[in-house]
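Summary of structural features
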Amino acid sequence: MRRFPIRAVLLLAVVGVSALILAKLPWVRSLFRRDAENPAEMAQLVSAKLAPAPVADTATGWPQWRGPHRDGRAPAGPLRTDWDKRPPKQLWSVPGGKGFGSFAVVGGRLYVHDRVGGDERLLCLDAGTGKTAWEYRYPVEYAKMDKNFANGPRATPTVARGRVYVVGGTGLFLCVQPPDDPGGTPKELWRHDLPAEFDAEVPQWGVACSPLVEGDAVVVQPGGAKGSVAAFDATTGQLRWAAGTNPAGYSSPVAATVSGRRLVYALAGDALLCVSADGKLLATYPFKTDFKGNIATPVVVDDYVFISAAYNHGCALLRAVPAGDGVRLEEVYSRANKLMRNHHSTCVYKDGFLYGYDDERLKCVNLRTGRENADWDSGGLKKGSLILADRHLIVLTESGDLALVDAKSDDFDLVAKVPSGLDGAKNWALPVLVDGRLYLRDDSTVLCLDVRP
């Protein structure tokens, strides 16, 4: 029998173990992913007539995550655009608690979900003055979260039918009734512990799904074995349905209408789920990201849905195609670890183009071709989040700079970059614009800037 030298055996063992270790590294795995395009779908998309995005008026306010239509588009209203000559002026600033969630602004009231001491808090302010209208607190323990990020809620309140729906950092899902009279006391109507009820783990960086009110139900993403996506009666809090068993990511659900049928898209930790309004899981598109780091909200444009993630992943455009009683998700194109890798910020869509952060760089991408506009160079505008206000992008960098950018696809036009008044390096809360007032927050402050003409 032939014997191998002990050194050769040891060398082979070392090589084998090293290969196994390397295979688990995100950047190594990304080398084996490839771009893909469906020629028939690409040809159809080039000539497709994409309907313009819906626009809400100022009276609608900003009732939920990413605005009236959950697309990052501000309601129509006044906006001064000569920031280079007349920068935004601070109207008010008040102390705030910790967290990364954004605002809801409805009927002259601003709602923010934060953490003060050992309590999570739903805080209601007068949107014009910053004065406290009321607050609702409840104790919560953050021991199961990464201690480096266990500061506060990361989801945004949703206001509908005179109630406020919130999801906290540990997955406590509450419905709160505001007081009828000034100085009154808010009332908790019902609550659910999503991880406990759906056999789910609290994600490393906390539960981050912002509630979606769809019809008379409110949809969230527990991410558990008993339901990846779930809907509750918006009035009673009773469970309506649960679908899927995919683990939670950090994204939020969004609704769409395809061929007259209402659908819910939910980006879980490893896949995009397409669910009917009555809870039937219609289609799944695998989208496995390192650390289950699917954070951005799906962007819906007609029958198309765009998803994106950082952490060495990339992006994909899909088309929802009716198939009998169901729907199938047809891949139009995918880009492996390139083009658009949304981290904590979601793209906005305008006139055939996506504007968003490919990790740290702000880009303009042609939705129809899946190609970056090479002439659109954002220069030194650092990583941040953005909303669309008519023909302009309002950008808040994570370091606290505020910028106004002309949202045109042919070239990058920075109107102005000014200090926002926020501190720190983790300014991740999405800015909100309603009626010419721009609302911002960090870990200690909520402030309002005047951008009216």
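Attention here is on the structure that accompanies the text. Note that this is a predicted model, so its numbers are computed, not measured.

1. Structural notes on the environment of leucine 339
Along the chain, leucine 339 turns up in the loop between β22 (326-336) and β23 (348-350). Beyond its immediate chain neighbours, meaning those up to four positions away, leucine 339 contacts Cys315, Asp358, Lys363, Val365, Gly370, Arg371 and Glu372.

2. Brief notes about the sheet that holds strand β31 (residues 432-434)
Ordered in space as β2-β33-β32-β31, the 4 strands form an open sheet in which the pairing is antiparallel. The two strands at the open ends of the sheet, each matched to only one other strand, are β2 (89-95) and β31. For this sheet, the mean angle separating the axes of adjacent strands, direction not counted, is 20°.

3. Quick notes on the nonpolar core
Core analysis: the biggest nonpolar cluster contains 35 residues, and Val105, Ile394, Leu433 and Tyr439 have the highest contact counts within it. At 4 residues, strand β33 (residues 445-450) tops the list of elements feeding residues into this core. Those residues in contact with isoleucine 394 that sit more than four places away from it in its chain are Trp83, Ser385, Leu386, Ile387, Ala389, Leu402, Ala403, Leu404, Pro431, Leu433 and Leu438. Cys124, Tyr136, Val164 and Tyr165 belong to the second largest nonpolar core, which has 34 residues in total.

4. Quick word on the state of the cysteines
In total, this model carries 0 disulfides according to the counting rule given. Of all cysteine sulfurs, the one in cysteine 448 lies closest to cysteine 124, which takes part in no disulfide; the gap is 14 Å. Cysteine 209 takes part in no disulfide bond, and the closest cysteine sulfur, belonging to cysteine 175, lies 15 Å away. Given a relative accessible area of 3%, cysteine 209 falls into the buried group.

Analysis parameters
Residues numbered from 1 in each chain as written. Predicted model: local features only at pLDDT ≥ 70, side-chain atom pairs only at ≥ 80, totals over all residues. Heavy atoms only, no water. Helix = DSSP H or I, 4+ residues; strand = E, 2+ residues; numbered from the N terminus. Contact = heavy atoms within 4.5 Å. Pairing = 2+ DSSP bridges. Axes fitted to C-alpha atoms, helices over the stretch in contact; angles between N-to-C directions. Core = buried A, V, L, I, M, F, W, Y, C linked by side-chain atoms within 4.5 Å. Buried < 20%, exposed > 50% of the residue type's maximum accessible area, 1.4 Å probe, protein only. Disulfide = S-S within 2.5 Å.

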